[in-house]
Amino acid sequence: MLGKTAGSLFWMARYLERSENNARLIDAGFRIALTRSSTARAEWKSILVTAGSNQAYAATGQEYSSAKVVDFMLRDTHNPSSILSVVKQARDNARTARTYLTREVWEAVNTSWMTLGSLLKRQVRDDDLPDVLSAIRQQSAQVRGAFSGTMLRNDGYNFARLGTFLERADNTARILDVKYYLLLPSVAHIGTSIDNVQWETILRSVSAHRAYHWLYGTEISALKIAEFLILYKQMPRSLAFCAQKMQDNIGWLQRGYGEETEAGHLVEALHQKKLAGPIQAIFDGGLHEYITDFLRANAALAQQIERDYRFVV
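Residues numbered from 1 in each chain as written. Predicted model: local features only at pLDDT ≥ 70, side-chain atom pairs only at ≥ 80, totals over all residues. Heavy atoms only, no water.

A word on the packing of helix 12 (residues 239-257) against helix 15 (residues 287-308). Packing of helix 12 against helix 15 brings their axes to within 13 Å, and their N-to-C directions diverge by 20°. Judged by the angle between their axes, helix 12 and helix 15 are roughly parallel. Of the two elements, helix 12 crosses helix 15, and the hand of that crossing is left-handed. Taking contact as the criterion, the partners of L239, M246 and I250 in helix 12 are, on helix 15, Y290, F294, N298, L301 and I305. In terms of residue class, the contact of helix 12 with helix 15 is built from seven nonpolar, one polar and no charged. (Axes fitted to C-alpha atoms, helices over the stretch in contact; angles between N-to-C directions. Helix = DSSP H or I, 4+ residues; strand = E, 2+ residues; numbered from the N terminus. Parallel < 35°, antiparallel > 145°, perpendicular 65-115°, else oblique. Left-handed = near helix turned anticlockwise from the far one by under 90°. Contact = heavy atoms within 4.5 Å. Nonpolar A, V, L, I, M, F, W, Y, C, P; charged D, E, K, R; others polar.)

Moving on: the pattern of salt bridges. Under the counting rule described, the total for this entry stands at 14 salt bridges. When the shortest N-O distance is used, the salt bridge between R168 and E17 registers 3.0 Å. Taken as a pair, R168 in helix 8 (residues 155-183) and E17 in helix 1 (residues 3-35) lie far apart in primary sequence, 151 residues in all. Per residue, the accessibility class of R168 equals that of E17, and both read buried. For E20, the salt bridge is made with R237, and the minimal N-O distance between the two is 3.2 Å. With E20 in helix 1 and R237 in the loop between helix 11 (222-230) and helix 12, the pair connects residues that are 217 residues apart, well separated along the chain. (Salt bridge = Lys/Arg side-chain N within 4 Å of Asp/Glu carboxyl O. Buried < 20%, exposed > 50% of the residue type's maximum accessible area, 1.4 Å probe, protein only.)

What follows covers helix 15. Spanning 22 residues, helix 15 covers 31 Å between terminal C-alpha atoms, matching the ideal 32 Å at 1.5 Å per step. Of all the positions in helix 15, only L287, Y290, I291, F294, L295, N298, L301, A302, Q304, I305 and D308 are classed as buried. The positive-phi residue at the C-terminal boundary of helix 15 is R310, with phi of around 50°. (Expected span 1.5 Å × (residues − 1).)

Moving on, we get to the packing of aromatic side chains. Counted according to the given criterion, the structure contains 14 aromatic pairs. When the ring of F147 is compared with that of Y157, the centres are 5.4 Å apart and the planes differ by 15°; the resulting orientation is stacked. Linking F147 in helix 7 (residues 129-150) with Y157 in helix 8, this pair joins segments that are ten residues apart in sequence. Aromatic pair F228 and Y232: ring centres 5.6 Å apart, planes at 35°, arrangement tilted. Residue classification places F228 among the buried positions, given a relative accessible area of 2%. A connected cluster of aromatic rings, assembled from ring pairs, spans F10, W11, Y15, F159, Y257, Y309 and F311. (Phe/Tyr/Trp six-rings, centres within 6.5 Å; stacked < 30°, edge-to-face > 60°.)

With that settled, consider the nonpolar core. With 98 residues, the main nonpolar core has I26, L74, I83, L229, I230, L301 and I305 as its most contacted residues. The element best represented in this core is helix 1, accounting for 13 residues. Those residues within four positions of I83 in sequence are excluded, and the remaining contacts are S19, N22, A23, I26, M73, L74, L116, L120 and I136. (Core = buried A, V, L, I, M, F, W, Y, C linked by side-chain atoms within 4.5 Å.)

This is the structure in structure tokens:
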């Protein structure tokens, strides 16, 4: 496969996953701000930090209000990480790789772009925000369903899946980091009802609330939630699950192209060294430090994949 096509599939998947992740972040910020209006400014700033957009937002000089931050993250065309911006980039990459996609996948991506363009034509009111965020997630699910149900399991499929799980792992790690160090107002609140509400919100933001309670019952603790989102391999947004899928996809590519790659060594190290547990050892070494190392390793893996397969986007 040409590097340009491979890169387009890889980035199409990353941008689509990012749009859904940002919708989930906005939903988490909206829920937390509603329950703690006195600290809403800090909550929205933390959401921007999680999305990696705080520096760009600060440059606008706007206040950290719900309406301003949500509009910036949803539809500001000057924000390259806004949902409107990343869905457009996903569509552009899909169009570049059009001949390598099934008709169903192309139509799902194109429909997502047109639907969201219509929904986000004007600023979204607070009353309408839950429905808009739900529509964004639904559009993402439709693309994912078309992709899973119609694409050949070939190299193009593996490049796209790599993009999905790299982006998802990055997002889950960032959510955990921001929760532990920015959302919590004080160490004194750890284990209190305020802390538990925030953890519940984070679980909802990664669609893991019910699954967590199936596994752990009613107990809410930072240690157990971190274990669930980092090490539990049956949770589809956990770091361990994402790393396993990336290792599988790179393995298929290596066998298909008949050569080992540096990306293969990096993902193996990521999976075996960073995600071996136990969770207490991670906490003893510092959760923030652990996540920082994971994000750095995940970013290095993404760059190495692009080098190994000579992406040109």
